[in-house]
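# Secondary and tertiary structure notes
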Amino acid sequence: VAGLAGGALADDEQLGRAASDPAQIAAIVAGMDAADVPDFAGQVMQAAARMPLSPRVRLQQMQAVSQAFLKAVPPDRLDAALAQLILNVPFQMMPEWVGGFKPALAEQTAAMDDAAYDKLAAGVLKRIDADETLPAEDKTIFATFAIVLMARGKSGGADEAFAGRMLPVLPAAYRDQVA
C-alpha cells in the first residue's frame, strides 16, 4: 500500500500499533495518503480480529478500532473504510460488533441528510459486492449486517424503509436472501 507513514508498505509495526492501541490510529492515518486509509482499516481490523485475546476483549478491541477509524478516515473515503471494517469482522462476531459500533456510527453521521446517508450506505454495499474474493453467500451475510448497521431509523418502519431503499443496490444474485 503506497503512501503509508513510515514506508511504502504497511509494516507489521504500524498494524500492530494500530490494532493493539486504537488511540494511535488517528496519528498513523494523518500521515497516510487518503486513498490508502480504507485498505489499512481492513488490515488493522483483520489484525485485531486475530489477536490472542478472549472473544469479549477481542470484540471490544475491534469496536475500538472501528470507532477510531470512523473518526480518522477522510470523509470521501468513509464508504470504503466502512466496507473494509465490515468485511474483516468474523461472522460469529458480527451481531455483537454491529451492536457495539452502531451508536458511534449514528453519532458520527447524525448531521447527514437522508439523501447523503443513503448514498454513503449504497457505497458501502457496492464496495462489499465488488469484493471478487467473496462468494455470493458471504456477500449476502456482509450486506445484511451492513444494512442493519446503517439503518438509523427511530422505528422499525423507518428501518424497513431504509432497507427497501438499499435492496435495489444489491445484485439480483443475492438480493432476495438479504430481503
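Values in this document were obtained by computation on a predicted structure and should not be read as measured data. (Residues numbered from 1 in each chain as written. Predicted model: local features only at pLDDT ≥ 70, side-chain atom pairs only at ≥ 80, totals over all residues. Heavy atoms only, no water.)

### Here's the deal with helix α4 (residues 55–72)
Let me state the cut-off plainly: Numbering of helices and strands runs from the N terminus, with a helix taken as a DSSP run of H or I at least four residues long and a strand as a DSSP run of E at least two residues long. By this rule the span expected of a helix is its residue count minus one, scaled by 1.5 Å. Residue exposure (1.4 Å probe, protein chains only): buried if accessible area is under 20% of the type maximum, exposed if over 50%, otherwise partly exposed.
Compared with the 26 Å implied by 1.5 Å per residue over 18 residues, the 26 Å span of α4 between its first and last C-alpha is a close match. Buried residues of α4: Arg58, Leu59, Gln61, Met62, Gln63, Val65, Ser66, Ala68, Phe69, Leu70 and Ala72, and no others.

### A short note on the packing of helix α5 (residues 78–87) against helix α8 (residues 136–150)
In plain terms, the rule: Axes, fitted as lines to C-alpha atoms, cover a helix only where it is in contact. Angles between the N-to-C directions of the axes lie from 0 to 180 degrees. These descriptions rest on fixed angle ranges, namely under 35 degrees for roughly parallel, over 145 for roughly antiparallel, 65 to 115 for roughly perpendicular, and the rest for oblique. Two helices cross in a left-handed way if the nearer one is turned anticlockwise from the farther one by less than a right angle. They cross in a right-handed way if the turn is clockwise. By the convention used here, residues are in contact when the closest approach between their heavy atoms is within 4.5 Å. When residues are grouped by polarity, Ala, Val, Leu, Ile, Met, Phe, Trp, Tyr, Cys and Pro land in nonpolar, Asp, Glu, Lys and Arg in charged, and all others, Gly among them, in polar.
One way to put it is that α5 packs onto α8 with a least axis distance of 10 Å and a crossing angle of 120 degrees. Here α8 runs oblique to α5, going by the angle between their axes. Here the hand of the crossing between α5 and α8 comes out right-handed. Residues Leu82, Ile86 and Leu87 of α5 pack against Phe142, Ala146, Leu149 and Met150 of α8. When the residues that make up the contact of α5 with α8 are grouped by side-chain class, the tally is seven nonpolar, no polar and no charged.

### A short note on α5
Counting buried positions along α5 yields nine of 10 residues, so the element is predominantly enclosed. Among all positions in α5, only Leu78, Asp79, Ala80, Ala81, Leu82, Ala83, Leu85, Ile86 and Leu87 are buried. Each element contacted by the buried residues of α5 is listed here: α3 (37–49), α4, α6 (94–109), α7 (114–130) and α8.

### Re the nonpolar core
Convention followed: Among buried residues, the Ala, Val, Leu, Ile, Met, Phe, Trp, Tyr and Cys ones that are joined through side-chain atoms within 4.5 Å form a nonpolar core.
Of all hydrophobic cores here, the largest spans 59 residues; its most connected members are Ile25, Val44, Phe69, Ile86, Trp97 and Met150. Setting aside chain neighbours within four positions, we find Ile25 in contact with Ala18, Val44, Val65, Ala68, Phe69 and Ala72.

### Overview of the layout of surface pockets
What counts, and what does not: Definitions used throughout: a 1 Å grid over protein atoms alone; a cavity as a set of points that fits a 1.4 Å probe which cannot get out; a pocket as an open set with protein on both sides within 12 Å along at least five of seven lines; a lining residue as one with an atom within 4 Å of a point. Grid points are joined across faces, edges and corners, and a volume is the space filled by probe spheres set on the points.
Put simply, the largest pocket is a space of about 160 Å³. Looking at the largest pocket, the residues that line it are Ala35, Pro38, Asp39, Arg77, Ala80, Ala83, Gln84, Leu87, Arg127 and Asp131. For the lining of the largest pocket, the secondary-structure elements that each account for two or more residues are α3 and α5. Element by element, the count of residues in the lining of the largest pocket is highest for α5, at four residues. Of the residues that constitute the lining of the largest pocket, the class distribution is five nonpolar, one polar and four charged.

### Re the pattern of salt bridges
Short version of the rule: Any Lys or Arg side-chain nitrogen found within 4 Å of a carboxyl oxygen on Asp or Glu counts as a salt bridge.
Enumeration according to the criterion identifies five salt bridges in this entry. For Asp114, the salt bridge is made with Arg152, and the minimal N-O distance between the two is 3.3 Å. Within this pair, whereas Asp114 is found in helix α7, its partner Arg152 is found in the loop between α8 and α9 (156–166), the two being separated by 38 residues in sequence. Between Asp118 and Arg165 there is a salt bridge, with the nearest N and O atoms lying 2.5 Å from each other. Placement of Asp118 in helix α7 and of Arg165 in helix α9 is noted, with a sequence separation of 47 residues between them. The exposure class of Arg165 is partly exposed, given its relative accessible area of 39%.

### Here we look at the side chain of Asp118
Among the residues examined, Asp118 registers a relative accessible area of 16% and is labelled buried. Not counting chain neighbours up to four residues away, the residues in contact with Asp118 comprise Phe162, Arg165 and Met166.

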